[in-house]
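# Structural features, examined
What follows is each chain in one-letter form.
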Amino acid sequence: MTTPLETPSLYAPREPIFPKRVSGQFRRLKWAAMAVLLAIYYVTPWLRWDRGPAMPDQAVLVDMANRRFFFFWIEIWPHEFYFVAGLLVMAGLGLFLFTSALGRVWCGYACPQTVWTDLFILVERWIEGDRNARIRLHRAPWSLSKARLRITKWTAWLLIALATGGAWVFYFTDAPTLARDLLAGQAHPVAWATIAILTATTFVFGGFAREQICIYACPWPRIQAAMMDEDTLTVAYRDWRGEPRGKGAGAGDCIDCMACVNVCPTGIDIRDGQQLACITCALCIDACDAMMDRTGRLRGLIGYLALSDETAERAGQPVRSVWRHLLRPRMAVYTVLWSGIGVLLIVGLALRSQVDLNVTPVRNPLYVTLSDGTIRNAYELRLRNKQHHDVTYQLGIESGAPLSIAIEGEPATHITVPPDQTLTRRVYLSADLRSPLASAGSEPVTLTARDLDGPAAARIRTVFHGRDAR
C-alpha cells in the first residue's frame, strides 16, 4: 500500500530575531531620531496655544465635533481640506525624494514601526540581556525565572503600548480634560475603544511581529524599486574587498564574523546583496567598521554605495562625490515639485480670507414680479465667519445696472455672524421696472460681504434672472 506524497508547505515558520547591541554613528543617529520622534508624539497634545475666549487652547487638535483642525496659529476648516491634501502630497514626494537619494532611509529611522520596535527591543535588552542571553532564554524550558523575565518584559511593553494608544486619542480632544475623564472612568466609549485597539496593535506589532510587518505587511518595499536607480546611495557589501571570506592567507577583508547579521533588525545577511527586507538602518555598517578596527583593516567593507560607482571601486579608481549622486535630474524634479507645493500652501494660507461667502439662487421660481413691476430674485446666502469674535458684514452688489438688496427678516443690509460659525439667510435682489436687468435674460452679478470693522471681505459671482430668462 502506497501513501500519497505530502504536499510541501508554502510557508516557513518564523525564526525569532534577536539583534545584538551595537555602537557607532548610525546607531547614535537612530537613538537621536527615536528620542526626538517619541518626544514629539507624546508631548505635542499637551502644548497650549492661546486662541482667545471660548476657543480650544490645545496647540495641535483635530476637533471632530466642530469639524476643524488646529495647528498652533493655523485653523483649517472642512472646506479647506485641500491644505491637508497638499501636506499629504508633500509627504509622498518627500518619501520619493529621500528614497531616490538614500534608499529606504525613512524605514530605517523614522517609520513608526521601526521606532517602536527599537524601543521594545531596548526594553527587552534591559530585562533579558543582550543577544546571546535572549537566545538562551528563548531556547530554555519554561521555569519560574523565565516566566518572571517574560512577564516583566510583557508588562513593560504593555505600558508603552498603553501610553501610545492613550497619546493618540489626546490629539482629538482636550488632553487634560480627557486624561481626567480616563482616570475617573468617565471617558466616552469611543476613547476607550480607540485606546484598546491601538494598545493591542502596538503591543503585537512592536513586540512580536517586528520585522514581519516590514517584510510582509508593508507595501513600501515593493514600491521602492521604482524610486531607486543606479545613482541611489544605499547600504551595500563590497564583495571585491571581502571575498573570499576567512582569516587565512589569500582571504579577503571579511573574516565571516557574522557581526553584520547579528545586529540586523530584520535578520538578513547584507553580503547576499540588495534584499527586500533591508530597511537601510546601516547598523551593519557600525558592526562591520568596529570589526575592521579590531582586526586592523580599512573601514568601509560595508557602507553606502551607488551601483554606478561599483566598477570604479572594483578597479580602485576614485568615485563620484555624494553631491554628484544627489544633484541629478530625478532629485531635481522631486525637489522642485515638493518645494512648489509647499510654496503654494504657504501662499494659500497667507492669502485666504477670514470670511467665506456662498450663494445659491432659488430656481423655483426663477423670479417674482411684484405689484409695481419690480423683478425680484431670491438667493440662499451662507456667510462663514472664521474669526473668534462677532463680526458684522455689509452686503453689497456689483452690477452694470442698479439693483437693490434686502435680507429677509433684517431691517438693513447688515448681518452679524457669531464667531467661528456659518449663518444662513435668504437674500433678495430686485431690479426696478425701468432697469435693463428687469427685462433682460440671465445676467451675471457679484455679491459682496465686507467686514465693517476690519479688512475681511469676500466676493462671489451669481446670476440675476429678468423677465426674458429661460
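Now for a description of the structure that goes with this document. Throughout, residues of each chain are indexed from 1 in the direction in which the sequence is written. Residue-level local features of this predicted model are given only where pLDDT is at least 70; pairs of side-chain atoms are given and counted only at 80 or more, and the full residue set underlies all totals for whole chains, interfaces and linings. To obtain the side-chain values, all non-hydrogen atoms of the structure were included, while hydrogens and water were left out.

## Brief notes about the overall build of the protein
Only DSSP runs of H or I reaching four residues or more are called helices, and only runs of E reaching two or more are called strands; each is numbered from the N terminus. The helix and strand tally for the protein stands at 17 helices and 14 strands. Taken over the C-alpha atoms alone, the protein extends approximately 110 × 65 × 60 Å along its principal axes. Relative accessibility decides the category of a residue: with a 1.4 Å probe and only protein chains considered, values under 20% of the type maximum give buried, values over 50% give exposed, and everything between is partly exposed. Per-residue burial over the protein gives 44% buried out of 470 residues. Long-range pairs, those at least 24 residues apart, make up 67% of the contacts in the protein between residues at least 6 apart in sequence. Here, two residues are considered to be in contact whenever any of their heavy atoms come within 4.5 Å of each other.

## What to know about helix α13 (residues 283–295)
Between the first and last C-alpha of α13 there are 19 Å, a value that for 13 residues agrees with the 18 Å anticipated at 1.5 Å per step. If you check which residues of α13 are buried, you get Leu283, Cys284, Ile285, Asp286, Ala287, Cys288, Asp289, Met291 and Met292. Along its buried surface, α13 packs onto α1 (25–43), β4 (234–237), α11 (239–242), α12 (259–262) and β5 (302–305). Looking at the residues trailing α13, positive phi occurs at Gly296, about 75°. Multiplying one less than the number of residues by 1.5 Å gives the expected span of a helix.

## Topic: the packing of helix α2 (residues 82–102) against helix α16 (residues 329–351)
Helices that pack against each other are described as a pair by the angle of their axes relative to one another and the distance between those axes. Fitting a line to C-alpha atoms yields each axis, with helices limited to the stretch in contact; the angle taken between N-to-C directions then spans 0 to 180 degrees. Where α2 contacts α16, the two axes come as close as 9 Å, and the packing angle between them is 160°. With respect to α16, the axis of α2 lies roughly antiparallel. Crossing hand, α2 versus α16: left-handed. When α2 is examined against α16, the residues Tyr82, Phe83, Gly86, Leu87, Val89, Met90, Leu93, Gly94, Phe96, Leu97, Ser100 and Ala101 are found in contact with a partner set consisting of Arg330, Met331, Tyr334, Thr335, Leu337, Trp338, Ile341, Gly342, Leu345, Gly348 and Leu349. Looking at side-chain class alone, the contact of α2 with α16 contains 16 nonpolar, six polar and one charged residues. When an angle is under 35 degrees it counts as roughly parallel; over 145 it counts as roughly antiparallel; between 65 and 115 it counts as roughly perpendicular; any other value is oblique. Two helices that cross are described as forming a left-handed crossing if the nearer one is turned anticlockwise from the farther one by less than a right angle, and a right-handed crossing if clockwise. Amino acids are sorted into nonpolar (Ala, Val, Leu, Ile, Met, Phe, Trp, Tyr, Cys and Pro), charged (Asp, Glu, Lys and Arg) and polar (every other residue, Gly among them).

## Things to note about the packing of aromatic side chains
Only Phe, Tyr and Trp rings take part, Trp by its six-membered ring, and two of them pair if their centres are within 6.5 Å. Stacked means planes under 30 degrees apart, edge-to-face means over 60, and tilted covers everything else. Taken as a whole and assessed by the stated rule, the structure comprises 19 aromatic pairs. Note on Tyr41 and Tyr42: the rings are 5.2 Å apart at their centroids and 75° apart in plane angle, and the pair reads as edge-to-face. Relative accessible area serves as the criterion here: at 24%, Tyr42 is assigned to the partly exposed category. Where Phe71 meets Phe72, the ring centres are 5.0 Å apart and the plane angle is 80°; that geometry is what we call edge-to-face. Note on Phe71: relative accessible area 37%, which makes it partly exposed. By the ring-pair criterion, three or more aromatic residues cluster together here, those being Tyr41, Tyr42, Trp116, Trp168, Tyr171 and Phe172. Comment: the charge-over-ring label is applied if NZ (Lys) or CZ (Arg) is within 6 Å of the ring centre and within 35 degrees of the ring normal. The ring of Trp31 carries the charged tip of Arg27 above its face, separated from the ring centre by 3.7 Å.

## Focus on the environment of Thr374
Its place among the elements puts Thr374 in the loop between β7 (368–369) and β8 (375–385). Taking the C-alpha atoms as reference points, Thr374 and Asp239, 135 residues apart in sequence, are found 90 Å from one another. The contacts of Thr374, once residues within four sequence positions are left out, are Val368, Thr369, Ser430, Ala431, Asp432 and Leu433. Distance and chemistry together define a polar contact, namely a pair of N or O atoms within 3.5 Å, with one atom able to donate a hydrogen and the other to accept it when in protein, and with adjacent residues in sequence counting only for side-chain atoms on both sides. One polar contact links Thr374 to Asp372, side chain to side chain, over a distance of 2.9 Å.

## What to know about a nonpolar patch on the surface
Two distance rules govern patches: like charges are joined within 9 Å, and nonpolar side chains (Val, Leu, Ile, Met, Phe, Trp, Tyr) within 5 Å, applied only to residues with over 30% relative accessible area and no salt bridge. Using a 1.4 Å probe, the Shrake-Rupley method yields the accessible areas, and only the shown protein chains count as cover for residues. Within this document, salt bridges are pairs made up of a side-chain nitrogen of Lys or Arg and a carboxyl oxygen of Asp or Glu, the two lying within 4 Å of each other. There is a patch of nonpolar side chains on the surface, built from Val36, Leu37 and Ile40 and spanning about 240 Å² of accessible area. Positionally, Val36 belongs in helix α1. Of the residues examined, Val36 reaches a relative accessible area of 49% and is grouped as partly exposed.

## Points about the side chain of Ser100
Within the fold, Ser100 resides in helix α2. For Ser100, a relative accessible area of 0% corresponds to the buried category.

## Let's talk about the pairing of strand β6 (residues 355–361)
Most of β6 sits inside the fold, with five of its seven residues counted as buried. For two strands to be treated as a pair, DSSP must find no fewer than two bridges joining them. Here β6 runs beside β8; their pairing, made up of seven bridges, is antiparallel. Paired with Asn358 across the bridge in β8 is Arg382.

## Focus: the sheet that holds strand β11 (residues 414–417)
Taken in spatial order, the four strands make up an open sheet running β11-β9-β13-β14, and their pairing is antiparallel. Looking along the sheet, the strands with just one partner apiece sit at the ends: β11 and β14 (457–465). Between one strand axis and the next, the sheet turns through 30° on average, direction left out of account. Bridge analysis of strand β9 (residues 391–398) against β11 gives four bridges, and the strand direction is antiparallel. What sits directly across from Thr392, in β11, is Thr416.

## Considerations on the sheet that holds strand β1 (residues 60–63)
Ordered in space as β1-β2-β3, the three strands form an open sheet in which the pairing is antiparallel. Of all the strands in the sheet, the pair left with one neighbour each is β1 and β3 (74–76). Strand after strand, the sheet turns through a mean of 10° between neighbouring axes, direction not considered. Pairing analysis gives four bridges linking β1 to strand β2 (residues 68–71), with the strands arranged antiparallel. Bridge pairing in β2 links Val60 to Phe71.

## Description of the state of the cysteines
When the sulfur atoms of two cysteines come within 2.5 Å, that pair is taken as a disulfide. A complete count under the given rule lists zero disulfides for this structure. Its sulfur unpaired, Cys264 is 5.9 Å from the next cysteine sulfur, which belongs to Cys281. Between Cys284, a cysteine without a disulfide, and Cys281, which holds the nearest cysteine sulfur, the sulfur-to-sulfur distance is 6.3 Å. By relative accessible area, which is 11% here, Cys284 ends up buried.

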